[in-house]
Amino acid sequence: MRAVGTVHRDYKISTIDPRLYGSFVEHLGRAVYTGIYEPDHPTADENGMRQDVIDLVRELDVPVVRYPGGNFVSAYNWEDGIGPKEDRPVRLDLAWHTSESNQVGIHEFADWAKAANTEMMLAVNLGSRGLDEARAFLEYVNHPGGSYWSDLRRKNGREEPWNVKLWCLGNEMDGPWQIGQKTAEEYGRVAFETAKAMRAFDKSIELVVCGSSSPKMPTYPAWEATVLDYTYDSVDYISLHMYFENHAGDTTAYLAQNARLDDYIETIASVIKVTKAKKRSKKDVYISFDEWNVWYHSNEADRKVLEGRDGWPHAPELLEDIYNFEDVLQVGCILNTFIRRADVVKVGCLAQLVNVIAPIMTVPGRPAWRQTTYYPYLFASRYGRGTSYQLSIDCPSYKTDFAEAVPYLDVSAVESDADGALTLFIVNRHETDAITLDVALEGFGARQVIMDKVIAGHALKAVNGPDSQAVAPADGSGIEVEGGRITGEIAPLSYRMIRLG
Ligand code: AHR
């Protein structure tokens, strides 16, 4: 089987916004407590933050982290998380049926973000609260001083504003599970007025309005059309969320699901275009894909807590999916889709970062460890920044219930800003056959392989754990670059990253 194609210097898709490789920390399960924050942990810093987790986040080079939710934000009072820790209230978190101690709030998270070398992307509560809370929070976070909220921040120990650029106007407001769910009309109005107030404070902030919480929602994509009708000229991004599952145990269909992702992105990009034309607007709105991941392994285990049968536990194990080798391939395909759609998808958040459907896992008191999916995320984040290129590849394909022709080889190409290297990210979804890659490199000059990483040869259900890193990248071999062509065998069911310098 062969995949023959071309990557041409003149056929660029787009510059990639580095924030495409962002992530997400929600007050949910053990993401915060015993995830990023564990004062008794041997590596805890002076703020109680786990240094071993910070080190992994730095290794991943996460550009932006969305916080504090997610569903949690829709009934959150951000003021509960400021001031002396001993005075902070314990609240019942209605989203996840747990207790929230508020020992971590905006100050602690901001210090953590700085230590982890990332930027904050903050969400305001448009569920149980609204415009007034949003303007107060923004003033607290971004105003230098001389006003009620900014002086309160200074009194609480933070002199300088944090100058957070990126703000989400609520979370998944179409979802019946959301505290304060709204119709598209209701949300469109509230989002517009909140955006107006936030922009009256600072025109330069970037605002993300909620799209549907999934393309499976009955109101999709009319929701986007209505919401953008209200907010188009006031926002910069519309959010998309999508989770992937393989409950059916059908690997071939599972690994084709980024075809659905493509449709989803294309549909919303079209809604954006239509709205722009309708409004005679000169500005563009882009996509913030601020929740995506594989999420299904833990569904059954989570029921007890979510149904309230455990009362209101603080930081229980929730959404602790343990990822396998099959999920490496899935995450590789999803990231390839984002790279290929970097023209419209500017922000992306792998949901989530620590313990909760996450690439980084912790055990209290013990070292943090890397899930299988850590690696495709690591490679895309570190080597997938720069310019994405169109690839025209002729490759055998297969049919699924939802797509006519899914190519066995899923490939994206990025030329790095930092060192000019051309990186190919490749997933072979064929269960038994290797595929010969044969791609002409037009206009890239003489190149040689400077890095070749492969994740292959594992049982599909192989996982990592606190004491084993069975699924990890190895050095690849056998790739040749000669006469302006890159050629080599791509093993069945494999993830591959090849860098040409
Ligand atoms: O990431 C987990 C949850 O998934 C988020 O809280 C919510 O926004 C989505 O439904």
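Not measured: the values here are computed from a predicted model. (Residues numbered from 1 in each chain as written. Predicted model: local features only at pLDDT ≥ 70, side-chain atom pairs only at ≥ 80, totals over all residues. Heavy atoms only, no water.)

**Considering helix 4 (residues 148-155)**
Formally: The cut-offs for exposure are 20% and 50% of the maximum accessible area for each residue type, with area from a 1.4 Å probe on protein chains only; residues under the lower value are buried, those over the upper are exposed, and the others partly exposed. Under the DSSP-based scheme used, a helix requires at least four consecutive residues in state H or I and a strand at least two consecutive residues in state E, with every element numbered from the N terminus. Think of the arc as the fan of directions from the helix axis to the C-beta atoms. Throughout, a contact is declared for two residues whenever any of their heavy atoms are within 4.5 Å.
For helix 4, the set of buried residues is Trp149, Ser150, Leu152 and Arg153. Projected down its long axis, helix 4 carries its buried residues within an arc of 155°, all on one side. In helix 4, the exposed residues that point more than 90 degrees away from the buried face are Tyr148 and Lys155. Buried-residue contacts for helix 4 involve helix 2 (106-115) and helix 3 (131-142).

**Some details on the pairing of strand 20 (residues 449-456)**
Spelled out, the test is: Strand pairing is defined by DSSP finding a minimum of two bridges between the two strands.
Note that strand 20 and strand 24 (residues 494-500) share seven bridges and pair antiparallel. When the bridges of strand 24 are listed, Val449 appears paired with Leu500.

**Things to note about the layout of surface pockets**
The condition is simple: Of the two site types, the cavity is a set of points on a 1 Å grid over the protein atoms alone where a 1.4 Å probe fits but cannot get out, and the pocket is an open set with protein on both sides within 12 Å along at least five of seven lines, each lined by residues with an atom within 4 Å of a point. Grid points are joined across faces, edges and corners, and a volume is the space filled by probe spheres set on the points. Note that domain bounds follow an automatic or database assignment of domains.
Space inside the largest pocket adds up to approximately 1,000 Å³. What lines the largest pocket is a set of 41 residues, among which Ser214, Lys216, Tyr243, Glu245 and Trp295 lie closest to the centre. Contributing elements (two or more residues each) for the lining of the largest pocket: strand 9 (237-244), helix 7 (251-254) and helix 9 (299-306). Here the lining of the largest pocket spans two domains, since at least three of its residues come from each of domain 1 (2-10 + 389-500) and domain 2 (17-138 + 156-189 + 206-383). Counted as a void, the second largest pocket has a volume near 290 Å³. Forming the walls of the second largest pocket are 16 residues, and the residues nearest its centre are Arg340, Pro407, Leu409, Asp410 and Arg429.

**A closer look at the site of the ligand**
Applicable threshold: Residue proximity to a molecule or strand is established when one non-hydrogen atom of the residue lies within 4 Å of it. For the purposes of these results, a polar contact is taken to be a pair of N or O atoms within 3.5 Å, where, inside protein, one atom must be able to donate a hydrogen and its partner to accept one; residues adjacent in sequence count only when each atom of the pair is a side-chain atom. All accessible areas in this document rest on Shrake-Rupley with a 1.4 Å probe, and a residue is counted as covered only by the protein chains that are shown. Occupancy of a cavity or pocket is assigned to a molecule whenever over half of its atoms lie within 2 Å of that pocket's grid points. Any residue outside Ala, Val, Leu, Ile, Met, Phe, Trp, Tyr, Cys, Pro, Asp, Glu, Lys and Arg is labelled polar, Gly included; the first ten of those are nonpolar and the last four are charged.
By nearness alone, 13 residues border the ligand, and Glu26, Asn71, Glu172, Tyr243 and Glu291 come closest of all. Within the side chain of Glu172, a nitrogen or oxygen atom sits 2.7 Å from an oxygen atom of the ligand. Bound to the protein, the ligand loses 96% of the 280 Å² it would expose on its own. In this structure, the ligand is accommodated by the largest pocket. A class-by-class count of the residues in the shell around the ligand yields six nonpolar, four polar and three charged.

**Observations concerning the sheet that holds strand 24**
Threshold: Each axis is a line fitted through C-alpha atoms, taken for helices only over the stretch in contact, and angles between the N-to-C directions span 0 to 180 degrees.
Strands sit in the order 21-20-24-18-17-14-1-19-23-22 across an open sheet of ten strands; the sheet is mixed. Two strands bound the open sheet, and with one partner strand each, they are strand 21 (474-475) and strand 22 (480-482). Where strand 1 (residues 2-15) meets strand 19 (residues 435-442), seven bridges bridge the pair, whose relative direction is parallel. Opposite Thr6, over in strand 19, you have Ala440 as the bridge partner. Those strands touched by helix 10 (residues 325-340) are strand 1, strand 14 (386-394), strand 17 (409-416), strand 18 (422-428), strand 20 and strand 24, and its axis lies near 55° from that of strand 17.

**Some details on the domain arrangement of the chain**
Here is the rule we go by: Two parts placed together each lose some accessible area; with a 1.4 Å probe, that loss summed over both constitutes the buried area. A side-chain nitrogen of Lys or Arg and a carboxyl oxygen of Asp or Glu constitute a salt bridge if their distance falls within 4 Å.
In terms of domains, the chain is made up of domain 1 (2-10 + 389-500) and domain 2 (17-138 + 156-189 + 206-383). Contacts between the two partners involve 40 residues from domain 1 and, on the opposite side, 34 residues from domain 2. By the criterion of area lost to domain 2, the three top residues of domain 1 are Phe402, Leu460 and Tyr495, representing 19% of everything that side buries. Across the contact surface, domain 1 and domain 2 share three salt bridges. Among the ionic pairs, Arg366 bridges to Asp467, the shortest N-O distance being 2.6 Å.

**Topic: the pattern of salt bridges**
Applying the stated criterion to the full structure yields 37 salt bridges. Residue Glu326 is joined to Lys461 by a salt bridge in which the shortest nitrogen-to-oxygen separation is 2.8 Å. Residue Glu326 is found in helix 10, and its partner Lys461 is found in the loop between strand 20 and strand 21; the two are separated by 135 residues along the sequence. The exposure class of Glu326 is buried, given its relative accessible area of 0%. Assessed through its relative accessible area of 48%, Lys461 is described here as partly exposed. Residue Asp343 is joined to Arg341 by a salt bridge in which the shortest nitrogen-to-oxygen separation is 3.2 Å. We classify Asp343 as partly exposed; its relative accessible area is 28%. In the salt-bridge network here, residues are joined through shared partners; they are Arg2, Asp438 and Arg485.

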